[in-house]
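Read off the chains here:
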Amino acid sequence: MELEPGLSPARRRAFQEAGGAIIVNLDDDMILNPDYLQQVLKITKEKPFLGALGCQIEAEFENPPTRPAEEYYAAQRIVPNAVWSNDPLHYLSNPWGAGSVVRKDVALAYAAKISKDPRFSLVGRKPGKLFACEDDDIAMTACDLSFGKGVFPELKVTHLIPNTKMTDEFQIKNAQGKGYSATILGFLRNGRLPAGKGLLARLNRLYRLSQMSPRRRAEGRAIDEGVEEAMRDLQKWGWLRPN
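Every chain's residues receive numbers from 1 upward, in the order its sequence appears when written. Selection of residues for local features in this predicted model requires a pLDDT of at least 70, selection of side-chain atom pairs for listing and counting requires 80 or more, and totals for whole chains, interfaces and linings are taken over all residues. Remark: hydrogens and water are excluded; side-chain values derive from all non-hydrogen atoms of the structure.

A. Up close: the layout of surface pockets. For each structure, a 1 Å grid was placed over the protein atoms alone; sets of points admitting a 1.4 Å probe that cannot get out are labelled cavities, open sets with protein on both sides within 12 Å along at least five of seven lines are labelled pockets, and lining residues have an atom within 4 Å of a point. Grid points are joined across faces, edges and corners, and a volume is the space filled by probe spheres set on the points. In this structure, the largest pocket encloses a volume near 1,000 Å³. Tyr73, Ala74, Arg125, Ala132 and Asn174 are the residues nearest the centre of the largest pocket, which is lined by 37 residues in total. Each helix corresponds to a stretch of at least 4 residues labelled H or I by DSSP, and each strand to a stretch of at least 2 residues labelled E; elements are numbered beginning at the N terminus. Of all the elements in the fold, those that place two or more residues in the lining of the largest pocket are α1 (7–17), α4 (134–144), β6 (148–161), α5 (168–190) and α7 (214–236). Residue contributions to the lining of the largest pocket peak at five residues, all from α5. Under the scheme applied here, ten amino acids are nonpolar (Ala, Val, Leu, Ile, Met, Phe, Trp, Tyr, Cys and Pro), four are charged (Asp, Glu, Lys and Arg), and all others, including Gly, are polar. Residues belonging to the lining of the largest pocket are distributed by class as follows: 17 nonpolar, six polar and 14 charged.

Put into structure tokens, the structure is as follows:
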């Protein structure tokens, strides 16, 4: 049993305990298509160069949604064609967490990394914090080991969305968490920080926000708040020099 709270420690323990060569991550609000595991075995056998796989996600809402399904955070992902890459920064080929597939070698490398450097566990969900980049880090770990990563339309899951995850408040919290965790992960992996905040950058951001709908603008501002919170923490922890 894993005693440390949070998704990253839970994944680490599961990866360490798993006995098979292929691991499927499944959340409690996901339903696999009947042929999911069969498709996983087929793809992993045909493409041994891929270390992490992702799926197509179809949203099923508790009540009819008031906006397109893809506008709810991580509710739905349409994958028209298979896409894969060995570029760790190629986002379209990154598997999302639920339904993702990981080879044991990649899983153990990820588990060893966050055991050695617990800072990487900061980017995963934990009680009260909707962080959201541990799946990106797992996919990037596949690339670290010279594997690729990809997403496949043959892999299908249904995502059950309760009313509590359809509120504007929940969407904004997710946006802020994504901004925070993406900033921390970018720094830990590549020493990369968000673009500078010069006058032109600020004006460009204000213009882009002004072109959004009120709801999208609120989410965009939440992302910015997450980035700013991460930058403050990086300085507070001594990882950055103060300006």
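Alright, that's what it looks like, and here's the rest.
B. Quick look at helix α2 (residues 36–46). For every residue, the accessible area (1.4 Å probe, protein chains only) is compared with the maximum for its type, and the residue is labelled buried under 20%, exposed over 50%, or partly exposed between those bounds. Inspection of α2 places Tyr36, Gln39, Val40, Ile43 and Thr44 among the buried residues, and these make up the whole buried set. Along the axis of α2, the buried positions cluster into a sector of 125 degrees, meaning they face one direction only. Exposed and facing more than 90 degrees away from the buried side of α2 are Gln38, Leu41 and Lys45. Whether two residues are in contact is decided by their heavy atoms, any of which lying within 4.5 Å being enough. Those residues of α2 that are buried are in contact with β1 (22–24), β2 (30–32), β3 (50–61), β5 (101–103) and β6. Working definition: the arc comes from the directions between the helix axis and the C-beta atoms, pointing outward to the latter.

C. Structural view of empty space enclosed by the protein. Here the structure, examined in full by the defined rule, presents one cavity of 30 Å³ or more. As a volume, the largest cavity reaches approximately 60 Å³. Lining the largest cavity, in full, are Arg11, Asn25, Ala52, Pro95, Trp96, Gly97, Ser100, Val101, Val102, Asp135, Ile138 and Ala139. Elements supplying a minimum of two residues to the lining of the largest cavity: β5 and α4. The greatest single-element share of the lining of the largest cavity, amounting to three residues, is contributed by α4.

D. Examining the nonpolar core more closely. One finds Phe15, Val102, Ile184 and Leu185 to be the most contacted residues of the largest nonpolar core, which totals 25 residues. Put simply, the parts of the chain that give this core at least two residues each are α3 (104–116), α4, α5 and α7. Among all residues touching Phe15, those that are not within four sequence positions of it are Ile23, Asn25, Val102, Lys104, Ala107, Leu108, Tyr110, Ala111 and Ile138. Judged by nonpolar contacts, the second largest core, of 14 residues, contains Ile43, Leu50, Cys55 and Phe152. Here, the term nonpolar core denotes a set of buried Ala, Val, Leu, Ile, Met, Phe, Trp, Tyr and Cys residues that are joined through side-chain atoms within 4.5 Å.

E. Region of interest: the pairing of β6. Counting buried positions along β6 gives 11 out of 14 residues, so the element sits mostly inside the fold. For β2 and β6, the ladder comprises three bridges, and the chain directions are antiparallel. Among the inter-strand pairings, Ile31 is bridged to a residue of β6, identified as Thr158. Pairing between two strands requires that DSSP report at least two bridges joining them. With 10 bridges connecting them, β3 and β6 associate as parallel partners. By the bridge assignment, Ala59 is partnered in β6 with His159. Where strand β4 (residues 83–85) meets β6, three bridges bridge the pair, whose relative direction is antiparallel. Residue Ser85 lies in a different strand from β6, and its bridge partner there is Lys149.

F. The arrangement of α3 in detail. Taking 1.5 Å per residue, 13 residues should reach 18 Å; α3 reaches 18 Å between its end C-alpha atoms and fits that length. Of all the residues in α3, the buried ones are Lys104, Val106, Ala107, Tyr110, Ala111, Lys113 and Ile114. The inward-facing, buried residues of α3 abut α1, β1, β3, β5, α4 and α5. Expected helix span is taken as 1.5 Å per residue step, with the number of steps being one fewer than the number of residues.

G. Inspection of the packing of α4 against α5 at higher detail. Where α4 meets α5, the closest approach of the two axes is 11 Å, and the angle between their N-to-C directions is 25 degrees. Taken together, α4 and α5 sit at an angle that is classed as roughly parallel. Crossing angle aside, the handedness with which α4 passes α5 is right-handed. The residues of α5 that touch α4, namely those facing Asp136, Asp137, Met140, Thr141 and Asp144, are Lys178, Leu185 and Arg189. Classifying every residue of the contact of α4 with α5 gives two nonpolar, one polar and five charged. Each axis is a line fitted through C-alpha atoms, and for a helix only the stretch in contact is used; angles between axes span 0 to 180 degrees, taken between their N-to-C directions. Small angles under 35 degrees read as roughly parallel and large ones over 145 as roughly antiparallel, with 65 to 115 read as roughly perpendicular and the rest as oblique. By definition, turning the near helix anticlockwise from the far helix through less than a right angle yields a left-handed crossing, and turning it clockwise yields a right-handed one.

H. Fine view of the packing of aromatic side chains. Side-chain rings of Phe, Tyr and Trp, where Trp is taken by its six-membered ring, are said to pair if the distance between their centres is within 6.5 Å; with planes under 30 degrees apart they count as stacked, over 60 as edge-to-face, and otherwise as tilted. In this structure the tally under the stated criterion is seven aromatic pairs. Considering the side-chain rings of Phe15 and Tyr110, the 6.1 Å spacing of their centres and the 75 degrees angle between planes classify their relative orientation as edge-to-face. Residue Phe15 is located in helix α1, and its partner Tyr110 is located in helix α3; the two are separated by 95 residues in the primary sequence. For the pair formed by Phe15 and Tyr110, the shared burial category is buried. Their ring planes at 5 degrees and their centres at 6.4 Å tell us that Phe187 and Trp239 sit as a pair that is stacked. Placement of Phe187 in helix α5 and of Trp239 in the segment after α7 is noted, with a sequence separation of 52 residues between them. Under the relative-accessibility criterion, Trp239 is labelled partly exposed at 23%. Chaining the aromatic ring pairs together yields one cluster made of Phe49, Trp84 and Phe152. It is Lys113 that lies over the ring of Phe120; its NZ or CZ is 4.4 Å from the centre. The rule for a charge over a ring is simple: NZ of Lys or CZ of Arg within 6 Å of the ring centre, and within 35 degrees of the ring normal.

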